[in-house]
Amino acid sequence: MTEDQKIRQTIDLYSSYFEHSDADVGHTKKGVWFFYEYDKEHDYYNSFIRFETAKELEQLIANLAADDLNVLIEVGAEDVHHALEEININDATACCYDGCIPELLKNMETLNGECRKWAERLDVIYRSFSGVLERLQDKN
């Protein structure tokens, strides 16, 4: 099997990634393979990387999966932290029977809002990378 055939096979194996992300693979008339990821929101390419083997493509996809998940975790943690900073710590510590329930509801509403945003993004990443992660798990 030629390297081009292996690359095409890898693209098929990771079709869930390409279906659920803004990434794609190109092959020039000169035989050069490149991987790119376009950011529609900011109108630029996040990634534009030349590769030569199926193994390199697979590694690119795995690294992007790890990077996306790491960014999601970091941003989610930061968003929750900032949302909770708005809560007055004195209100929480000086809680009396009349104030505990409203304070708890306020905290839960803040966390719920941030977690919903986080869950929506995680769902997109999961759908994109489920095939990638399953394949990597099978290799180990």
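This text goes with the structure placed above it.
Notes on the structure follow. (Residues numbered from 1 in each chain as written. Predicted model: local features only at pLDDT ≥ 70, side-chain atom pairs only at ≥ 80, totals over all residues. Heavy atoms only, no water.)

### Things to note about the overall build of the protein chain
Move 1: Looking only at helices and strands, the protein chain features five helices and three strands.
Move 2: When the helices and strands of the protein chain are placed in sequence order, the string is α-α-β-β-β-α-α-α.
Move 3: Looking at the 140 residues of the protein chain, the share that counts as buried comes to 28%.
Move 4: The contacts in the protein chain between residues at least 6 apart in sequence include a share of 51% that link residues at least 24 apart.
Move 5: Carbon and sulfur atoms form 53% of the exposed surface of the protein chain, whose accessible area is close to 9900 Å². (Helix = DSSP H or I, 4+ residues; strand = E, 2+ residues; numbered from the N terminus. Buried < 20%, exposed > 50% of the residue type's maximum accessible area, 1.4 Å probe, protein only. Contact = heavy atoms within 4.5 Å. Areas by Shrake-Rupley, 256 points an atom, 1.4 Å probe, with all protein chains shown as cover.)

### So, the environment of T110
Move 1: Mapped onto the fold, T110 is located in helix α5 (residues 97-139).
Move 2: Counting along the chain gives 26 residues from T110 to L84, while the straight-line C-alpha distance between them is 7.1 Å.
Move 3: Among all residues touching T110, those that are not within four sequence positions of it are A83 and L84.

### Considerations on a negative patch on the surface
Move 1: Judged by side-chain charge, D67, E74, E78 and D79 come together as a negatively charged surface patch.
Move 2: Relative to the helices and strands, E74 resides in helix α3 (residues 54-85). (Patch = residues over 30% accessible without salt bridge, like charges linked within 9 Å, V, L, I, M, F, W, Y side chains within 5 Å. Salt bridge = Lys/Arg side-chain N within 4 Å of Asp/Glu carboxyl O. Lys, Arg positive; Asp, Glu negative; His and termini not counted. Charge placed at Lys NZ, Arg CZ, Asp CG, Glu CD.)

### Concerning the sheet that holds strand β1 (residues 23-27)
Move 1: Read from one edge to the other, the open sheet built from three strands follows the order β1-β2-β3, with strand pairing classed as antiparallel. Two strands in the sheet have a free side with no partner beyond their single neighbour: β1 and β3 (44-51). Each adjacent strand pair in this sheet contributes to an overall mean axis angle of 20°, direction not counted.
Move 2: Two strands pair when backbone bridges link them, and strand β2 (residues 33-39) and β3 are joined in this way by seven bridges, in the antiparallel orientation. Directly across from W33, in β3, lies its bridge partner F51.
Move 3: Its contacts with the sheet place helix α1 (residues 3-13) against β1, β2 and β3, and it is angled at close to 30° to β2. (Pairing = 2+ DSSP bridges. Axes fitted to C-alpha atoms, helices over the stretch in contact; angles between N-to-C directions.)

### What about the packing of aromatic side chains?
Move 1: One pass over the full model with this rule turns up 10 aromatic pairs.
Move 2: Here F34 and F48 contribute two aromatic rings whose centre-to-centre distance is 4.9 Å and whose plane-to-plane angle is 25°, an arrangement assigned as stacked. One end of the pair, F34, is in strand β2; the other, F48, is in strand β3, and 14 residues separate them in sequence. (Phe/Tyr/Trp six-rings, centres within 6.5 Å; stacked < 30°, edge-to-face > 60°.)

### Observations concerning the side chain of E58
Move 1: The residue E58 is located in helix α3 in this model.
Move 2: By relative accessible area, E58 is classed as buried at 9%.
Move 3: Within the structure, the side chain of E58 is placed 2.3 Å from the side chain of Y14, a separation counted as a polar contact. (Polar contact = N/O pair within 3.5 Å; in protein donor to acceptor, adjacent residues only side chain to side chain.)

### Some details on the nonpolar core
Move 1: Ranked by internal contacts, the top residues of the largest apolar core, which has 18 residues, are Y17, F18, V25, F35, F51, L57 and I61.
Move 2: Every element with two or more residues in this core is listed here: α2 (15-19), β1, β2, α3 and α5.
Move 3: Take this core: its biggest share by element is seven residues, from α3. (Core = buried A, V, L, I, M, F, W, Y, C linked by side-chain atoms within 4.5 Å.)

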